[in-house]
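# Notes for the structure review
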Amino acid sequence: MTQMTDVSMSDEVATALAQGRAVVALESTIISHGMPWPRNADVAMQVEQAVRDQGAVPATIAVIEGQLCAGLTPDQVERLAKDTGVVKAASRDLGACIVKGLTAGTTVSATMRIAALAGIGVFATGGIGGVHRGDGMDVSADLTELACTDVLVVCAGVKSILDIPRTIEALETLRVPVAVYGADEFPAFYTAQSGVTAGERFDDARDIAAVWAANRAVGLGTGMLVANPIPAEHALDAREIGATIDAALAAADAQGVSGKDVTPFLLGRLNAVTEGKALGANIELVLNNARLAGRIAVAAVG
Ligand code: PSU
Ligand code: MN
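Treat the numbers as computed from the prediction; the structure is a model and nothing was measured. (Residues numbered from 1 in each chain as written. Chains lettered and ligands numbered in written order. Predicted model: local features only at pLDDT ≥ 70, side-chain atom pairs only at ≥ 80, totals over all residues. Heavy atoms only, no water.)

### Regarding the site of ligand 1
Put simply, the test is: When we say a residue is near a molecule or strand, we mean one of its heavy atoms is within 4 Å of it. Nitrogen and oxygen atoms within 3.5 Å of one another constitute a polar contact, given that in protein one can donate a hydrogen and the other can accept it, and given that sequence-neighbouring residues count only through two side-chain atoms. A run of H or I in DSSP counts as a helix once it spans at least four residues, and a run of E counts as a strand once it spans at least two, with each numbered from the N terminus. Lys, Arg, Asp and Glu make up the charged group, whereas Ala, Val, Leu, Ile, Met, Phe, Trp, Tyr, Cys and Pro make up the nonpolar group; the residues left over, Gly among them, are polar.
With respect to spatial proximity, 14 residues lie near ligand 1, and among them K88, S140, D142, K159 and T263 are the closest. In the model, an oxygen atom of ligand 1 is placed 2.7 Å from a nitrogen or oxygen of the K88 side chain. G127 places a polar main-chain atom, nitrogen or oxygen, 3.5 Å from a nitrogen atom of ligand 1. Elements with a contribution of two residues or more to the shell around ligand 1: α2 (29-34) and α11 (262-273). A per-class count over the shell around ligand 1 returns 4 nonpolar, 6 polar and 4 charged.

Written as structure tokens, this is what we have:
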């Protein structure tokens, strides 16, 4: 038998899990590679508060000097937000991080893996990775992890740095259930509309928790994706952000950016070029996702 690695939990997270209370996992690549210092550290704390406001306990997940962690101290959050030596870890990178004693921000795939090890079932993020535009060969491990790890992930859809229709097709092939909260259309991160419908609409967090339980009861064994559209008052103009994304993609291509650097490069570019407009929307949608994940987590233990 393989020995499963221990996850180092904060007292608060360990106690909440032991008592069967609602816990929401939060990722940390968004801190280390998704948003600029010092806003990233601030946002990490606000997102934790948004989870608490719903009556759930936040568990920010990362790798600290080779140790898988769920529930970070403010110092650990600051280190992820500020230090230059922090790597980006997908689930396949976790073994190497452990052996090398690395400190890493965990992507959606790695955060799901660690959440599952810790016994945390609900997870909030901004946007998941997916199928990149182009020849379709760059596919995020987030999709692969969703196919095999039973964690419910709340996101604001996927931004159009990706190929949204192909990402949705991939989720279907991988048999990952998709629920859209309060809308018919699958959201596109900065905007509520993507022009693509996918999954089932639900208007109540309790129904989403019930579907998740039903998926388990049929032995599906996958994760579940909940797409939560950005509130209208925070959404960006679709044409404007579309043009910005096209320019960022062209820049990535011209500079030969590849592999795990692609997504952080594009995010950094969008934040810089829009002078904080993209960042502001990103922050609002993450908070919105944390609130919904908190409500689902509370419904799931109720
Ligand atoms: N998309 C965003 N913001 C993010 C990410 C994706 O809009 O911060 C991060 C998440 O951590 C996600 C990861 O899991 O990027 C996907 O990276 P890749 O495309 O290299 O799989
Ligand atoms: Mn990739």
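### Observations concerning the UniProt feature "binding site: Mn(2+)" (unreviewed entry) in the chain
Defined as follows: UniProt positions are given in the numbering used here, feature names are shortened, and annotations may be inferred rather than shown by experiment. Each residue gets one of three labels from its accessible area relative to the maximum for its type: buried under 20%, exposed over 50%, partly exposed in between, using a 1.4 Å probe on protein chains only. Any two residues whose heavy atoms approach within 4.5 Å at even a single point are treated as in contact.
In the numbering used here, UniProt assigns the feature "binding site: Mn(2+)" (unreviewed entry) to D138. Among the structural elements, D138 can be located in the loop between β7 (122-124) and α7 (141-148). You can call D138 partly exposed: its relative accessible area is 32%. Once residues within four sequence positions are removed from consideration, D138 is found in contact with G130, V131, H132 and V262.

### Regarding unusual backbone geometry
Backbone torsion omega between W37 and P38 reads 5°, so that peptide bond is classified as cis. Inspection of the secondary structure puts P38 in the loop between α2 and α3 (39-53). Residue E65 is not a glycine yet carries a positive backbone phi of 45°. If you trace the backbone, E65 turns up in the loop between β3 (57-64) and β4 (67-70). E65 sits in the exposed class, given a relative accessible area of 53%. Here the phi dihedral of E275 falls at roughly 50°; this positive angle occurs in a residue that is not glycine. Looking at the secondary structure, you find E275 in the loop between α11 and α12 (277-301). Owing to a relative accessible area of 74%, E275 belongs among the exposed residues under this scheme.

### What about the packing of aromatic side chains?
Applied cut-off: Paired rings are identified among Phe, Tyr and Trp, the last through its six-membered ring, by centres lying within 6.5 Å, and are further divided according to the angle between planes into stacked (under 30 degrees), edge-to-face (over 60) and tilted (the rest). Each ring is checked for a lysine NZ or an arginine CZ that lies within 6 Å of its centre and within 35 degrees of its normal; such an atom marks a charge sitting over the ring.
Taken as a whole, this structure holds 1 aromatic pair when the rule is applied. Measuring from ring centre to ring centre gives 4.9 Å for F189 and Y190, while their planes differ by 85°; the resulting arrangement is edge-to-face. For F189, a relative accessible area of 3% corresponds to the buried category. Positioned above the aromatic ring of F189 is the side chain of K159, whose terminal nitrogen or guanidinium carbon lies 3.8 Å from the ring centre.

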